[in-house]
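# Architecture at a glance
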Amino acid sequence: GQQVMQIPQYQHVQEGEDFTTYCNSSTTLSNIQWYKQRPGGHPVFLIQLVKSGEVKKQKRLTFQFGEAKKNSSLHITATQTTDVGTYFCAGLLTGTASKLTFGTGTRLQVTL
Amino acid sequence: GAVVSQHPSWVICKSGTSVKIECRSLDFQATTMFWYRQFPKQSLMLMATSNEGSKATYEQGVEKDKFLINHASLTLSTLTVTSAHPEDSSFYICSASDDPQETQYFGPGTRLLVL
């Protein structure tokens, strides 16, 4: 079945450092979505990427969708303690109805 | 933005009892609702997809007789965990969408602890 892997599983950075998580799908995706889940909370939608090679920015966050639509990345510039949480990518498989397959997640810890 | 609620947020029950979890879309009509399960420090695993007025589609390995899903209206879906056992203890999260190809809006989740 479809697998969506993320690396790293966990990253601990000091506030102000940059952070990147990578998402790789075993199959081509129709679109990819990114979610953030704070400890004890539920996933919150961040963004959706649809086009091959698409790049979107949200303040300090930069999202990229690969040319082959099988991988994606999320980069955070100058992390803050409020960035703490687990970041999940979720892929919508090409040709299927609506099922999102969530990635394995990257847990980010930011300390002062 | 679109809001999805879940009730209850916490459930503690004895082994063998059934638990019903409600998922409501508050300000939009959800043609499709999804139920996920998340174990500690793991990702979300899709359990089933439900469309209003039709039977839910369950993912491989999910027992449909144990996890009963009813999508009675465009704003309400329920998940009933029948004869719950300790291994069913988990974080159950629903999401709702008015367009399967677009964003899913997640509820706050329900933490189930079966003793």
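Figured I'd write up the structure that's included with this text. Keep in mind the model is a prediction, meaning the values are calculated, not measured.

What counts, and where the lines are drawn
Residues numbered from 1 in each chain as written. Chains lettered and ligands numbered in written order. Predicted model: local features only at pLDDT ≥ 70, side-chain atom pairs only at ≥ 80, totals over all residues. Heavy atoms only, no water. Salt bridge = Lys/Arg side-chain N within 4 Å of Asp/Glu carboxyl O. Buried < 20%, exposed > 50% of the residue type's maximum accessible area, 1.4 Å probe, protein only. Helix = DSSP H or I, 4+ residues; strand = E, 2+ residues; numbered from the N terminus. Pairing = 2+ DSSP bridges. Axes fitted to C-alpha atoms, helices over the stretch in contact; angles between N-to-C directions. Contact = heavy atoms within 4.5 Å. Buried area = accessible area lost by both parts, 1.4 Å probe. Polar contact = N/O pair within 3.5 Å; in protein donor to acceptor, adjacent residues only side chain to side chain. Nonpolar A, V, L, I, M, F, W, Y, C, P; charged D, E, K, R; others polar.

Let us now look at the pattern of salt bridges. Working definition: two side chains of opposite charge can pair if their charged atoms are close together. All names here are of chain A. By the definition in use, this model includes four salt bridges over all chains. Of the charged contacts, one joins Lys56 and Glu54 as a salt bridge, the two residues approaching to 3.7 Å between their closest N and O atoms. For Lys56, a relative accessible area of 30% translates into the label partly exposed. A salt bridge links Arg60 to Asp83, with the nearest nitrogen and oxygen atoms 2.9 Å apart. In this pair, Arg60 is assigned in the loop between β6 (55-58) and β7 (61-65) and Asp83 in the loop between β8 (71-76) and β9 (85-93), connecting sequence segments 23 residues apart. What makes Arg60 partly exposed here is its relative accessible area of 22%. Asp83 sits in the buried class, given a relative accessible area of 5%.

With that settled, consider the sheet that holds strand β1 (residues 4-7) of chain B. Residue and element names in this part refer to chain B. Within the open sheet, the four strands sit side by side as β1-β3-β8-β7. Their pairing is antiparallel. Each edge of the open sheet carries a strand with a single partner, namely β1 and β7 (67-73). Averaged over all pairs of adjacent strands, the angle between their axes in this sheet comes to 15°, without regard to strand direction.

Here we take up the interface of chain B and chain A. When the parts come together, some accessible area is lost, and that loss is often what is quoted as the size of the interface. Of the residues lining the interface, 22 residues belong to chain B; the matching set on chain A comes to 22 residues. Of the roughly 1,500 Å² buried between chain B and chain A, counting both surfaces, carbon and sulfur atoms make up 50%. Here chain B and chain A share zero salt bridges between them. Between the two partners, chain B and chain A, sit three residue pairs in polar contact (both at pLDDT 80 or more). If you list the elements that add at least two residues to the side of chain B that touches chain A, you get β4 (32-38), β5 (45-51) and β9 (90-97) of chain B. Top contributing element to the side of chain B that touches chain A by residue count: β4 of chain B, with four residues. When the residues that make up the side of chain B that touches chain A are grouped by side-chain class, the tally is nine nonpolar, nine polar and four charged.

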